[in-house]
Every structure is written in structure tokens, then in C-alpha cells.
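For reference, the chains in residue letters:
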Amino acid sequence: MGRCTGRCTLIFLCAFQLVTALERQVFDFLGYQWAPILANFIHIVLVILGLFGTVQYRPRYVVTYAVWAAAWVTWNVFIICFYLEVGGLSKDSQLLTFNLSQHRSWWREHGPGCVPEEVLPTSLRLLDHQALLSGSGCTLEHRYVEALHSALQVLVALAGFVYACYVVSVLTEGEDSFDFIGGFDPSPLYHVSEKPSHLLFKQAHLPA
């Protein structure tokens, strides 16, 4: 029963991660955030791998998912520090766009209560040659929206890591204790071959 509970919980966490990752991918595309787009794509692929491994009882796939969950936590902690400008990071830098665009987060002009304002580009390297938008009067600044998104990812990834380790331990113990050829009997073939040899011994002592 505990085995089923752990697997079902991990399946739910993986499915929830897929939904939140797809939602985040959409808004990162709208904001031209190329580094998060790449990270989200890798995350989606490896979460699907972990989901498949959990459903199909493949501990190696679940281990891969657990390793990525730890890396995903690290990435999202970096995103939180980036938008909250911790450790000398600046949310206005072009680090997440690979210096290919002057756009920032999509939530900068479309956040809760934001009124979009047009801002002329300050660099000729802007690929789309469009005016930038900036929001004013926002109820919640875009950096806090992005930080909350990342905080949610951290919490879910930590839970996924814990349950992935639990599922791997259960599946590994199951493989060690169960013989896929003969069940729990360590020597079924010996008992099968024992009966014919006994019958041959009795036939050899029968009177002619």
C-alpha cells in the first residue's frame, strides 16, 4: 500500500510540474527569455522521463529525474536571486536573453494592475525593432511574480526529489527480493526436475 501511495504521489507531482512548466514556458516565450526557455524545455523532457519511469517501474529513469530535480532547484534559486537582485545580480541585465533582446519579463508590462507604457529602444541590437513596453502602477512588480513562480518550482521539485528517492528505494528492494523467473521460490527448476528422476529410480527397481 505504501508503494502505491509513493508512486501515485510522484505521478501527481510530475503531472503538476508539467502543467506549471508549460505555463511558465508560454510566458517566457512572450518575454523573449531565451535562457529560461531552454531550461524549461530540458525540464519538461526530463519530467516526462521521470513520469514514464514511475509508471513503468523503471528506477533508472526515476534516478535521472531525481538528479535533475536537484539541478532544477538550483536553477530556480538562481532565478529568485536574479530578480530580487541578490548577490550583485541585476534584474535589468540581459543575462536571461543572451543579449539578443532588450525585453525583460512578460510580467513587467502585463502584471496585475499594470498599465503598459511605450519605451523607445536604446540599442540597435534589438532584433524585432519594436518599441519596448514597461508597466506602471503594478499591484505586484514583475520581479516578485517571477520569484513566486520560481519558489513554487523549488517547493514542487524538492517534494519530487524526496518521493523519487523513496520510489527508487522501493523499486530496488522489490527487484532484489523477487525472482522474475520463479517467483519467490529460489529453486523452482530443481523441484520440477526432481520428480522425473524419482520416477525413473522407482521404475528401475520394478520386477520384470
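Refer to the structure above for everything that follows.
The shown structure was predicted, so the numbers you read here are calculated from the model rather than taken from an experiment.

1. Considering the overall build of the protein
For step 1, the next point in the chain: A count of helical and extended segments in the protein gives 6 helices and 2 strands.
For step 2, the next point in the chain: When the helices and strands of the protein are placed in sequence order, the string is α-α-α-α-β-β-α-α.
For step 3, the next point in the chain: Across the 208 residues of the protein, 35% fall into the buried class.
For step 4, the next point in the chain: The contacts in the protein between residues at least 6 apart in sequence include a share of 64% that link residues at least 24 apart.
For step 5, the next point in the chain: Surface exposure of the protein reaches about 12,500 Å², of which carbon and sulfur atoms provide 69%.

2. Thoughts on helix α2 (residues 34-55)
For step 1, the next point in the chain: Here α2 contains 22 residues, and its C-alpha end-to-end distance of 32 Å stays within 8% of the 32 Å for a straight helix at 1.5 Å per residue.
For step 2, the next point in the chain: Y57 sits one or two positions beyond α2 and adopts a positive phi of about 60 degrees.

3. Notes on the packing of aromatic side chains
For step 1, the next point in the chain: Applying the stated criterion to the full structure yields 10 aromatic pairs.
For step 2, the next point in the chain: With 4.7 Å between their ring centres and 45 degrees between their planes, F27 and W107 make a pair best called tilted. Here F27 is found in helix α1 (residues 2-30), whereas its partner W107 is found in helix α4 (residues 107-110), with 80 residues between them in sequence.
For step 3, the next point in the chain: For W107, a relative accessible area of 16% puts it in the buried group.
For step 4, the next point in the chain: Among the aromatic side chains, those forming a connected cluster through ring pairs are W75, F78, F82 and Y83.

Each value, and the rule that gives it
Residues numbered from 1 in each chain as written. Predicted model: local features only at pLDDT ≥ 70, side-chain atom pairs only at ≥ 80, totals over all residues. Heavy atoms only, no water. Helix = DSSP H or I, 4+ residues; strand = E, 2+ residues; numbered from the N terminus. Buried < 20%, exposed > 50% of the residue type's maximum accessible area, 1.4 Å probe, protein only. Contact = heavy atoms within 4.5 Å. Areas by Shrake-Rupley, 256 points an atom, 1.4 Å probe, with all protein chains shown as cover. Expected span 1.5 Å × (residues − 1). Phe/Tyr/Trp six-rings, centres within 6.5 Å; stacked < 30°, edge-to-face > 60°.

These values are about where atoms sit, not about what they do.
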